[in-house]
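# Close look at the chain arrangement
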Amino acid sequence: MDNDDRARAINTHYTPGDLGAAILAGLIAQGKNPEAPALDDLAPVDQFHTGGKAATLELAQLVPLSAGTRVLDVGGGIGGAARLLASQAGCAVTVVDLTEAYCQVGEMLTRRTGLGQRVTFQHGDALALPFADQSFDVVWTQHATMNIAEKARLYAELARTLRPGGRLAFHEIMAGPNAPIAFPVPWATDQRISFLWPPEEVRSLLTGSGWREQTWVDKTAASLAFFEERLAIFERAAADLPPLGLHLLLGDRFGPAFGNMVRNLRKRRVTVIQAVFERA
Ligand SMILES: C[S@@+](CC[C@H](N)C(=O)[O-])C[C@H]1O[C@@H](n2cnc3c(N)ncnc32)[C@H](O)[C@@H]1O
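## Brief notes about unusual backbone geometry
In this structure, the amide linkage connecting Ala-179 to the following residue, Pro-180, adopts the cis form with an omega of 10°. Among the structural elements, Pro-180 can be located in the loop between strand S5 (162-175) and helix H8 (199-207). With an omega of 0°, the peptide bond between Phe-183 and Pro-184 qualifies as cis. Among the structural elements, Pro-184 can be located in the loop between S5 and H8. Even without being a glycine, His-143 presents a positive backbone phi close to 50°. Mapping His-143 onto the fold places it in the loop between strand S4 (136-142) and helix H7 (151-161).

Encoded structure:
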């Protein structure tokens, strides 16, 4: 698959319909103001990773964030983490994402939450970031690198855009000891856009290319509990799903993808790692 095919496949995977309209309709159905939603109103749908809002706040505790911090959220989706970091710490967050529709929906939601001065979106590829060297103090990724095959190039790009002493904070799905995984999963319907590396290979790549490890935590058990809970809610709800949730992002694939995540985590086919590295 060449770069254009890969970008097309990722855009198709993450764009099941008119996501912006579905989110606004969901807000109205929940009695919320679609013109000025609170961040918590959006949290069921804008935190597209294991552990939801709590996982974003946990990772944020591990990096220094304040009003002057320049953060890059790579593969930041519709910007849930970016808005949360900007509102909690006052930092400026740039989201870069390969899925064009996510950037548009993210911009629309950010404008409505009143955070447009601090959170901006840029359509682009993590493998060729459209930013000058050393533009950021913190580079952040949550559940985005699974779609990226060229890990060495990815982390080299992240290092290039970080200032020396800056931090890379991530919360990522990696291979488990018992791969291969069962598809579909939330990030791919088949292996064409899924590239999980064993955690120790990611760790050696980073430590061998000038990154200093600060934190490395295996979050697989907590992730299994999260997916089991979400799957149970989904199964209980049957056809009557809540107006806002991750099913809006995954369409009909939601049930099978969450079922497979429970199986993949139980059988240790995938691992979830939370980590922070410092750029030398
Ligand atoms: C599962 S979503 C996670 C979104 C967000 N980080 C969150 O936690 O809510 C994965 C995101 O990674 C993005 N992505 C995948 N490959 C990418 C690449 N090469 N460059 C930039 N973004 C990419 C996808 O478009 C998608 O928005």
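## Describing the sheet that holds S4
With mixed pairing, seven strands are arranged side by side in an open sheet as S3-S2-S1-S4-S5-S7-S6. Both edges of this open sheet fall to strand S3 (119-123) and strand S6 (211-218), since each of them pairs with a single strand only. The mean angle between the axes of side-by-side strands here comes to 15°, regardless of whether they run parallel or antiparallel. Here nine bridges tie S5 to strand S7 (residues 270-279), and the two strands are oriented antiparallel to one another. Each bridged residue has a counterpart across the sheet, and for Leu-168 the counterpart in S7 is Phe-277. Most of the contacts of helix H4 (residues 52-60) go to S4, to which it runs at about 150°, and overall it touches S4, S5 and S7.

## Focus on the site of the ligand
Surrounding the ligand, one finds 22 residues, the nearest of these being Phe-48, His-49, Gly-75, Asp-97 and Thr-99. Take Thr-99: an N or O atom from its side chain is 2.6 Å from an oxygen atom of the ligand. Between the ligand and the protein, one listed contact pairs a nitrogen atom with a backbone N or O atom of Ala-126 at 2.9 Å. In the complex, the protein chains occlude 99% of the 590 Å² of accessible area that the ligand would expose alone. With three residues, the single largest contributor to the shell around the ligand is helix H1 (residues 3-14).

What counts and how
Residues numbered from 1 in each chain as written. Predicted model: local features only at pLDDT ≥ 70, side-chain atom pairs only at ≥ 80, totals over all residues. Heavy atoms only, no water. Helix = DSSP H or I, 4+ residues; strand = E, 2+ residues; numbered from the N terminus. Pairing = 2+ DSSP bridges. Axes fitted to C-alpha atoms, helices over the stretch in contact; angles between N-to-C directions. Contact = heavy atoms within 4.5 Å. Near = heavy atom within 4 Å. Polar contact = N/O pair within 3.5 Å; in protein donor to acceptor, adjacent residues only side chain to side chain. Areas by Shrake-Rupley, 256 points an atom, 1.4 Å probe, with all protein chains shown as cover.

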